[in-house]
Amino acid sequence: MKNTVRVLFIALLFINGASHCFAQSEFSKWFENKALRIDYYLAGNADSEHFYLDDLREEPFWSGSPNSLIDNLDFGTHRVLVTDAQSGTLIYSRGFCTLFQEWQTTAEAQKLDRAFEQVTRIPYPKQKVTVTFQSRGRDGKFTELHQLEIDPAGIFINRRAMNTIPNYKIVDNGHYSQKLDIAFIAEGYANNQMDKFKSDVKRFADFLLSQPPFDELAESINIWAVASESDGVGPTNPGTGYWNTTATQSEFYTFGIDRYLTTTHFHRVMDIAANVPADLVYILVNTGDYGGGGIYNHFCMATSDHKLSHTVFIHELGHGLAGLGDEYYTSDVAYEDFYPLDVEPWEPNLTTLVDFQSKWADMVDNETPIPTPNSQKYANIVGVFEGGGYMHKGIYRPYVDCRMHSNNANTFCPVCRRAIARVIGTYSR
Ligand SMILES: [Zn+2]
């Protein structure tokens, strides 16, 4: 057994080494080592979605790995595909989620049209490219939302100098092109509170890197802090009538949920994040109140000083970094029928059993019944437990408890840990 594992490991090393050389040259064939940022709006209602271009912008850092140009994860409600305009070759793709899509599932979207700021960054192309935005339907399949032809030499690509904001590398494990770079943005910190911000980031970084699977992958992670100032202290809370002009204009009560803390000012968020190489943008909100939010490849948000802040922080990171779905099914969330039960959800830790083989079937013992009873006997093994994704019936989660299920869990379940490790691998190869 041991020998087999070792042989396999050596074989994997060899394959990785070979693809590494190939992909490096692929990157420099198609891209320059900086980013092209596409600012746009997603607008519509529950049944319609439209793309409106706002701005194209050159940014100094392409923080992603040059060896992860094509996204094989298939996570997200949206994806962007970049093809070389001349040959039609697919040269970059990435899945992501949006606040707009979450809003589309709320009751408000049944009677109102709204527009949400959106940003997509791609490595800066050397030649003309076609950029296709796709949106995933209820059936789980992607369809085209919009297509742009972009000439990277075009005179209207915004090349203004950025707003520079003081920033610090809190955890330094090497060059950003081979690491997961988590960029913390200060939100609700007044200009005399930046020492607190830095020590808060250090505290969250220490916590993160002590938790599985991040502890074992710590050398693959860099952590940055961008000290963006706010006028006053703390985030806006429409529920209590407290309004503050903050760096990212975050607010509690997103979609009417008191603890759901987000911002619709995504362009502003990314203006701040552009100061550092940022694979994952984490907005740290200076308050003792409870709340947060996390959207896959979009941004995460958590508060700094609530007694459960560390727990919320890492839960939201599960959403924002690894596309993990919520494994809970309490009834006070505003989403209505979030998951169709005849479609396999794309989230790696939820299943409708429509295509369970594509999920964690390989991690379930033969003796474990499917579905698995919610009993003490199965409390510490991987199974298929009914209830998850905001629904009691028809959706299944991998473990009785997990950080994606409740604040009582003291670790991610094995399925979530595997998904997180896989995603971090795409940044560090
Ligand atoms: Zn889990």
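Keep in mind the model is a prediction, meaning the values are calculated, not measured.

Asks: Where do I start with the nonpolar core in this structure?
Replies: Note that soluble globular proteins tend to have their nonpolar side chains buried in a common cluster. Counting 80 residues, the largest nonpolar core has Ala183, Phe184, Ile185 and Val226 as its most contacted members. Setting aside anything within four residues of it in sequence, one finds Ala183 in contact with Trp224, Val226, Ala273, Val276, Ala278, Leu280, Val281 and Tyr282.

Asks: Looking at this structure, I do not really get the environment of Val343. What am I missing?
Replies: Inspection of the secondary structure puts Val343 in the loop between helix H5 (309-322) and strand E14 (385-388). When the 16 C-beta atoms within 10 Å are taken as the criterion, Val343 is described as partly exposed. Once the C-alpha coordinates of Val343 and Asp355 are considered, the two residues, twelve residues apart in sequence, prove to be 8.3 Å apart. If we ignore the near neighbours within four places in the chain, the residues touching Val343 are Arg138, Asp139, Gly140, Thr352 and Val354.

Asks: Just checking my understanding: could you explain the domain arrangement of the protein for this structure?
Replies: It is common to give the size of an interface as the accessible area that goes away when the parts come together. Segmenting the protein into domains produces domain 1 (20-150) and domain 2 (167-322). At the junction of the two partners, domain 1 supplies 22 residues and domain 2 supplies 19 residues. Among the secondary structure elements, those contributing two or more residues to the side of domain 1 that touches domain 2 are strand E1 (31-45), strand E4 (90-96), helix H2 (99-104) and strand E5 (114-125). A total of four residues in the side of domain 1 that touches domain 2 trace back to one element, the largest contributor, which is E5.

Asks: Just checking my understanding: could you explain helix H3 (residues 194-208) for this structure?
Replies: Think of an α-helix as 3.6 residues a turn; residues three or four steps apart then line up on the same face. Over its 15 residues, H3 extends 21 Å from the first C-alpha to the last, a length consistent with the 21 Å expected when each residue adds 1.5 Å. Along H3, the residues that are buried comprise Phe197, Asp200, Val201, Phe204, Ala205 and Leu208. The arc that holds the buried residues of H3, viewed along the axis, is 135°, so those residues lie on one side. More than 90 degrees from the buried face of H3, the exposed residues found are Asp195 and Ser199.

Criteria and thresholds
Residues numbered from 1 in each chain as written. Predicted model: local features only at pLDDT ≥ 70, side-chain atom pairs only at ≥ 80, totals over all residues. Core = buried A, V, L, I, M, F, W, Y, C linked by C-beta atoms within 7 Å. Buried ≥ 20, exposed ≤ 12 C-beta atoms within 10 Å, placed from the backbone. Contact = placed C-beta atoms within 7 Å. Helix = DSSP H or I, 4+ residues; strand = E, 2+ residues; numbered from the N terminus. Domains from an automatic or database assignment. Expected span 1.5 Å × (residues − 1). Arc of directions from axis to C-beta.

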